[in-house]
Each structure stands twice: as C-alpha cells, then as structure tokens.
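# Topology and contacts: notes
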Amino acid sequence: MTVEKKRFLFSCTRAKPFVFAAPAAAVILFSFLFLFSCETQSALKAGTPSTQGRTRYSIIYVINGEGSNLYHDEEGRPLFADVQMLDQAKEIAREASETEVFIFYLKPAGLHQARVKLYYYRNPISKKSVMRYTLHSGRSEEISSWLEFYKKHSLRFQEPGVNSRWRSFFFYFGHELQEGKNPGSQGPMHLFTTDDLADALSCLSADFGVDEYGFDLVIVSACYSGTPGIIGRIIPYARYIIASPEPLHLSHISTEPFKNVGEIEKKGTFQFVMGAARYAFERLTHMTNTAVTVAVYDSARVIPYIATVEALCMPGKRGNYGGMPPEKIDQSACGPGEEGKNFTGATIEASGVPEYYDCAENPGFREDVMEKGVTVFYRPPLFGRERGKTEHSGWECIRFNDASN
Amino acid sequence: MCKVKILCIILLLFVAVQPLMAMDNSSRLEDQFKEYMNEIRMKVKEIDDPVEKRAMLNMTLKKILKALDTVSALESLSEKDKKAIASVRSGFQDKYSELNGLNGFEKVADTDLNSFADYILQDLEQARRMVSMSIAAFIIIILLIILIL
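What counts and how
- Residues numbered from 1 in each chain as written.
- Chains lettered and ligands numbered in written order.
- Predicted model: local features only at pLDDT ≥ 70, side-chain atom pairs only at ≥ 80, totals over all residues.
- Heavy atoms only, no water.
- Helix = DSSP H or I, 4+ residues; strand = E, 2+ residues; numbered from the N terminus.
- Buried < 20%, exposed > 50% of the residue type's maximum accessible area, 1.4 Å probe, protein only.
- Contact = heavy atoms within 4.5 Å.
- Areas by Shrake-Rupley, 256 points an atom, 1.4 Å probe, with all protein chains shown as cover.
- Phe/Tyr/Trp six-rings, centres within 6.5 Å; stacked < 30°, edge-to-face > 60°.
- Lys NZ or Arg CZ within 6 Å of the ring centre and 35° of its normal.
- Disulfide = S-S within 2.5 Å.
- pLDDT = per-residue confidence, 0-100.
- Axes fitted to C-alpha atoms, helices over the stretch in contact; angles between N-to-C directions.
- Parallel < 35°, antiparallel > 145°, perpendicular 65-115°, else oblique.
- Left-handed = near helix turned anticlockwise from the far one by under 90°.

## Description of the overall build of chain B
Tallying secondary structure elements over chain B gives six helices and zero strands in all. In chain B, the succession of α and β elements from N to C terminus is α-α-α-α-α-α. Relative to its 149 residues, chain B shows a buried fraction of 49%. For chain B, restricting intrachain contacts to residue pairs at least 6 apart in sequence, the fraction spanning at least 24 positions comes to 72%. When the accessible surface of chain B is split by element, carbon and sulfur atoms take 58% of a total near 7,200 Å².

And the structure:
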C-alpha cells in the first residue's frame with residue numbers, strides 16, 4: 001500500500017493589466033500585480049505577503065467520481081455529475097471573496113486504484129496549486145495525505161491566533177456512501193466510505209483547535225445520506241448538516257449560494273444554511289420529477305437523541321448504526337497509516353438487499369422527540385407509489401431482506 | 001430451444017466480460033444504459049400521438065422486464081443476487097403498471113407521458129449504488145438490456 005506522489009505543480013496565474021492613461025504607470029502596475037499574484041512554491045513556504053490576506057472562509061470539497069456519473073438535462077444533453085461539481089467548486093473558488101477552497105477529486109483507476117487530484121485556490125489573492133497522486137489500495141494514507149496538503153496550504157495554519165474568526169465548510173459529492181470501512185484487497189475498493197468521511201472531519205476538527213464543532217456546515221450530497229448512521233458519525237464535527245435522506249438526483253445539492261458566503265455574517269449561520277438548503281431544494285424540484293428531500297440537521301438539538309434514533313433504525317446491528325454514541329474517534333487515526341490498517345470504525349456485517357424507508361413508518365418513532373432540530377424540504381415524486389406522500393421525517397431507516405431467509 | 005440460445009449467449013457474455021469485471025467497466029455499461037434510456041425519452045418527446053408515445057414506453061419497459069426475468073432465471077446466481085434483481089424488477093414493474101393503470105396505479109395521463117419518460121430516466125440517474133448485487137450479475141443484466149433494446 002503506497003501512495004506515489006507523482007508531481008507537485010504550482011501554476012502561475014497571470015494578472016490582467018489595467019489600462020491607464022500613462023503607459024509607464026500601466027507597466028509598473030502590471031509588474032507589481034504579476035509579482036504578487038504569481039504563485040510559486042517558495043511563496044507558499046516563505047510566508048510572503050500573499051499569506052497575509054483576509055481569508056476567513058475555508059471550503060473543502062470532496063468529489064467522488066466513482067460509479068456512473070452520467071445524467072441528462074431536459075434537452076437530452078449528457079452531463080457528468082463529478083465534472084459538473086468540480087466546475088462549480090472552481091467557480092465558487094473564483095467568486096467567493098475572502099475564501100480558500102480545497103478540492104479533493106477522486107476518480108477510479110482500476111479495481112484497486114484511484115487517481116486523486118487535490119486543488120487549492122485562494123481568493124482574493126489568486127492562488128492555485130494542484131497535486132496529483134495515485135492511490136493503490138487502502139484508505140488511511142490517502143486521508144493523511146489530504147490532511148497534509150490542507151495543513152500545508154490553509155491560511156488557517158499560517159496565521160496563528162486568528163482561528164476564532166474562521167468558518168469552515170465541508171462538502172461531499174458522490175454516490176451513496178459505503179458504510180463502515182473499505183474492504184481493501186478483499187473486495188472492490190470504494191473511494192470514500194462513511195469512515196473516511198468521519199475520519200476526515202474528526203482529524204480536521206482536531207487540528208482546528210476549536211472548542212465546539214470544527215465545521216459550520218457539512219453537506220453530504222449523496223443518496224440516503226440522511227440516515228441516523230451517517231448523521232450519527234459526522235454530527236460531532238458539524239454545527240449544521242445538509243443531507244438527502246432519500247434518493248438524490250445526480251444534479252446534486254448545489255453550493256451556488258457559497259459564492260456569497262460572506263452573507264453568513266449578516267444573516268447568521270442558521271438562516272444562511274436554511275437559505276442554501278432551500279436553494280438546493282428548489283433547483284432540484286425544478287430539474288427533476290423524482291422525489292426531492294433536502295434535510296437540515298441542527299447538531300445541538302439532534303445530538304441528545306441521535307443514539308435513540310440510530311438504535312431504532314438498526315436494532316442489533318454493529319457499525320455506524322445500532323446506537324453507537326457520536327463520540328470522536330481516536331486521533332491516532334489522523335497520522336500516517338500502517339500497512340493494511342484502516343481507520344477506526346466498525347464494518348456493517350449485514351447481508352441481503354438493503355431496503356430504505358422513512359423512519360416515521362417505524363412504530364417506535366416519536367415525532368415529538370426525533371424531529372427536533374430537523375428541517376425537511378420535501379417534494380414527493382410526480383409518479384410512483386410515493387406520489388401522494390406529503391412529508392418526510394428527515395430520517396431514513398434501513399432494513400435488510402436477508403438473503404438467507 | 002429459445003432458452004438454450006439465451007443461455008449460450010449468457011455463457012458467451014460471461015467469458016467475454018471476465019476481463020471487464022471492474023467497477024469502472026460496470027459504470028461504463030451503466031452509462032450506456034442511461035444513454036439508451038435518454039434516446040427513448042427524447043424519441044417519446046418527439047412523437048405527437050399519445051398512443052404511440054405510450055406504446056414506445058410500454059415496449060421499452062417490457063424489454064427491460066424480460067431481460068431481468070432472463071437473468072434471474074439463471075441457476076448459478078446467488079440468492080442475494082436474485083433478491084437484488086427482484087428489487088430492481090419491482091421498480092420497473094411499478095412503472096409499467098402505472099403507465100397502464102394496473103395493480104392499483106392511476107394510469108398516466110396522455111398529457112403527462114413526456115414527464116413520465118423524464119421520470120423513468122431520472123430514476124436511473126440517482127446518486128445511489130445501482131444495486132446490491134454482484135458486479136458479474138449487474139454486468140450481465142446491463143448487457144442483456146442493451147442487446148435486447
């Protein structure tokens with residue numbers, strides 16, 4: 001299990017010269033802009049003026065290109081979800097002021113390999129660095145490489161004493177998350193599992209050194225991401241979570257509102273998050289005829305009962321489900337991994353065909369308790385068995401039709 | 001005789017797809033299936049006559065159901081695969097029933113056939129693991145559906 005660092009590239013972004021009446025002034029200004037906007041490895045290392053910007057927002061995108069990402073627009077044009085999200089992440093990076101954006105883009109490269117591309121952008125000072133490497137198998141070295149990349153570049157770690165004014169966001173895009181840890185060489189590799197997600201959030205939160213949640217918002221844009229198991233794993237690290245309890249179309253939860261992330265200061269975190277969720281919901285309902293369920297989880301209000309709803313949904317099962325308390329994992333997992341060793345986290349042992357259903361259908365579900373702190377934007381499918389359904393609890397339960405039965 | 005022919009095709013497919021038993025190859029086949037379904041959707045939208053629209057959707061859904069039946073009849077499949085296929089089949093059967101107003105479904109109105117064609121495609125284009133079955137079974141299903149279509 002090795003991670004080969006193929007190359008480390010720093011691209012140079014040429015600033016546009018402004019037009020002035022006096023040509024000499026233009027030349028001087030151009031030279032000045034060129035000098036300070038051009039990114040180089042030495043600039044990053046030396047802590048030149050480019051690291052003293054007023055960046056206050058740190059957005060991390062994880063885009064998992066695993067599986068079929070093809071979908072079509074209304075005119076029948078093919079689009080690829082991972083490419084679309086990568087483009088959107090870059091757009092946010094270009095337009096959001098006082099923001100740094102990290103993009104971790106994963107793409108399968110064979111049965112036990114993945115190509116990983118890491119991007120880093122900084123705004124307002126144009127800065128971009130890209131790192132590519134090939135992941136051969138296992139997960140742990142991958143996460144630690146990401147963390148290393150993040151810590152190396154993030155202004156958060158280069159401006160001591162300003163942690164308190166930082167806001168961090170973590171957005172995941174991909175297919176339904178594989179529960180537990182990766183089977184590694186024992187089976188097909190999944191590029192990102194619930195354990196990877198929880199480990200990344202946990203390790204980063206620990207490095208932020210903040211008292212409360214490491215992230216103001218975590219978005220999990222994947223089908224069935226609003227299960228008690230997944231929410232339970234990530235809730236210790238996020239003040240708010242946006243997820244989709246039901247199937248989610250590949251056009252995904254849009255992060256468009258983060259172009260104006262600074263509005264969070266005027267609106268407040270909750271209102272900004274609700275606005276982002278509503279925007280994503282309205283866009284999806286406009287684009288699709290299938291069910292749309294976008295849920296917002298307020299961690300402080302959900303944590304008191306998350307273990308109960310987990311136990312209700314997966315009684316007797318080990319793993320993410322089954323009442324595992326949402327406590328932080330062993331921080332030793334954040335270091336470089338050992339050969340064949342994965343991060344902590346149990347593996348779901350269940351067999352059979354998974355069947356998802358609204359937890360409210362479970363006789364033990366208590367609306368007065370288990371819907372606290374959960375806001376659900378729901379539109380039923382325009383066709384199918386659920387077309388008449390009027391609401392969703394925000395929690396999706398899972399049961400297995402055991403194949404042995 | 002027909003069953004023997006189908007089994008022979010499947011056997012050949014098994015041999016042919018052995019080197020392709022990788023996740024990314026199943027994704028490519030899934031993409032191909034989505035492209036086929038998108039073509040059907042666009043054709044349905046181009047047709048003016050609702051009877052023809054409905055006939056085209058019916059024909060497509062019947063072929064998919066037939067392919068799924070063919071694969072699930074294979075004795076070599078595990079019970080888990082068979083249950084997973086049954087789950088997928090149930091989804092397509094529901095769509096067929098709704099299109100024709102069967103099994104308690106309200107029949108899709110003539111004016112809603114374009115939206116229904118969108119719905120069928122979009123239901124395939126979800127960010128979920130396609131099915132909880134072995135990759136081999138999944139690849140055979142997709143290949144058969146593509147061949148039959």
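Still to come is the rest of the account.
## Structural notes on the packing of aromatic side chains
Within the structure shown, the criterion is met by 22 aromatic pairs over all chains. A ring pair is formed by Tyr61(A) and Phe171(A), whose centres lie 5.2 Å apart and whose planes are at 80°; its orientation type is edge-to-face. Residue Tyr61(A) is found in strand 2 (residues 57-64), and its partner Phe171(A) is found in strand 8 (residues 167-173); the two are separated by 110 residues along the sequence. Relative to Tyr121(A), the ring of Tyr119(A) lies with its centre 6.4 Å away and its plane at 10°, an arrangement referred to as stacked. When the ring centre of Phe208(A) is taken as origin, the NZ or CZ atom of Arg156(A), which lies over that ring, is 3.7 Å away. Taking the ring centre of Phe92(B) as reference, the NZ or CZ of Lys95(B) above it sits at 5.6 Å.

## Looking at the state of the cysteines
All names here are of chain A. Across all of its chains, the model carries two disulfides over all chains by this definition. One disulfide in the model links Cys313 with Cys397; its S-S distance is 1.9 Å. The chirality of the disulfide connecting Cys313 with Cys397 is left-handed, given an S-S dihedral of about -50°. Placement of the pair is Cys313 in helix 9 (residues 299-313) and Cys397 in strand 14 (residues 396-401), with a sequence separation of 84 residues. Neither residue differs from the other here; Cys313 and Cys397 are each classed as buried. Across the disulfide, Cys359 is cross-linked to Cys397 (sulfur-sulfur distance 2.2 Å). The chirality of the disulfide connecting Cys359 with Cys397 is right-handed, given an S-S dihedral of about 115°. With Cys359 in the loop between strand 12 (353-358) and helix 10 (367-370) and Cys397 in strand 14, this pair connects stretches of sequence that are 38 residues apart. Comparing Cys359 with Cys397, the two get one shared label, buried. The thiol of Cys223 is not disulfide-bonded; the next cysteine sulfur, from Cys359, is found 16 Å away. Given the relative accessible area of 1%, Cys223 is considered buried.

## Some details on unusual backbone geometry
For Glu98(A), which is not glycine, the phi torsion reads 55° and is therefore positive. Judged by relative accessible area, which is 12%, Glu98(A) ranks as buried.

## Focus: the environment of Arg41(B)
Tracing the backbone shows Arg41(B) in helix 2 (residues 23-46). Sequence spacing of Arg41(B) and Asn114(B) is 73 residues, and the spatial spacing of their C-alpha atoms is 7.6 Å. Look past the residues within four positions of Arg41(B) in its chain and what remains in contact with it is His72(A), Asp73(A), Glu74(A), Gly76(A), Ala117(B), Asp118(B) and Leu121(B).

## Re the confidence of the model for chain B
All names here are of chain B. Residue-level pLDDT values for chain B average 82, and 76% of them are 70 or greater. Low confidence marks residues 15-21, where pLDDT is under 50. Its contacts with residues over four positions away, or in another chain, come to eight contacts. Both scores are available for the predicted complex, with the pTM at 0.81 and the ipTM at 0.83.

## Concerning the environment of Ala198(A)
Residue and element names in this part refer to chain A. Relative to the helices and strands, Ala198 is located in helix 5 (residues 194-208). Here Ala198 falls in the buried class, since its relative accessible area comes to 0%. Non-local contacts of Ala198, meaning those with residues more than four positions away in its chain, are made with Arg233, Ile234 and Tyr237.

## As for the packing of helix 3 (residues 50-72) of chain B against helix 4 (residues 79-100) of chain B
Residue and element names in this part refer to chain B. Relative to each other, helix 3 and helix 4 sit at 160°, their axes nearing to 10 Å. Judged on the interaxial angle alone, helix 4 and helix 3 are roughly antiparallel. Pair helix 3 / helix 4 crosses with left-handed handedness. Facing helix 3, whose interface residues are Arg54, Leu57, Asn58, Leu61, Lys62, Ile64, Leu65, Leu68, Asp69, Val71 and Ser72, helix 4 presents Lys82, Ile85, Val88, Arg89, Phe92, Gln93, Lys95, Tyr96, Leu99 and Asn100.

## So, the environment of Lys45(B)
Mapped onto the elements, Lys45(B) comes out in helix 2. For Lys45(B), a relative accessible area of 23% gives the class partly exposed. Put simply, Lys45(B) and Ser78(B) are 33 residues apart on the chain and 39 Å apart in space, counted from C-alpha to C-alpha. When near neighbours in sequence (up to four residues on either side) are disregarded, Lys45(B) contacts Glu74(A), Lys53(B), Asn114(B) and Asp118(B).

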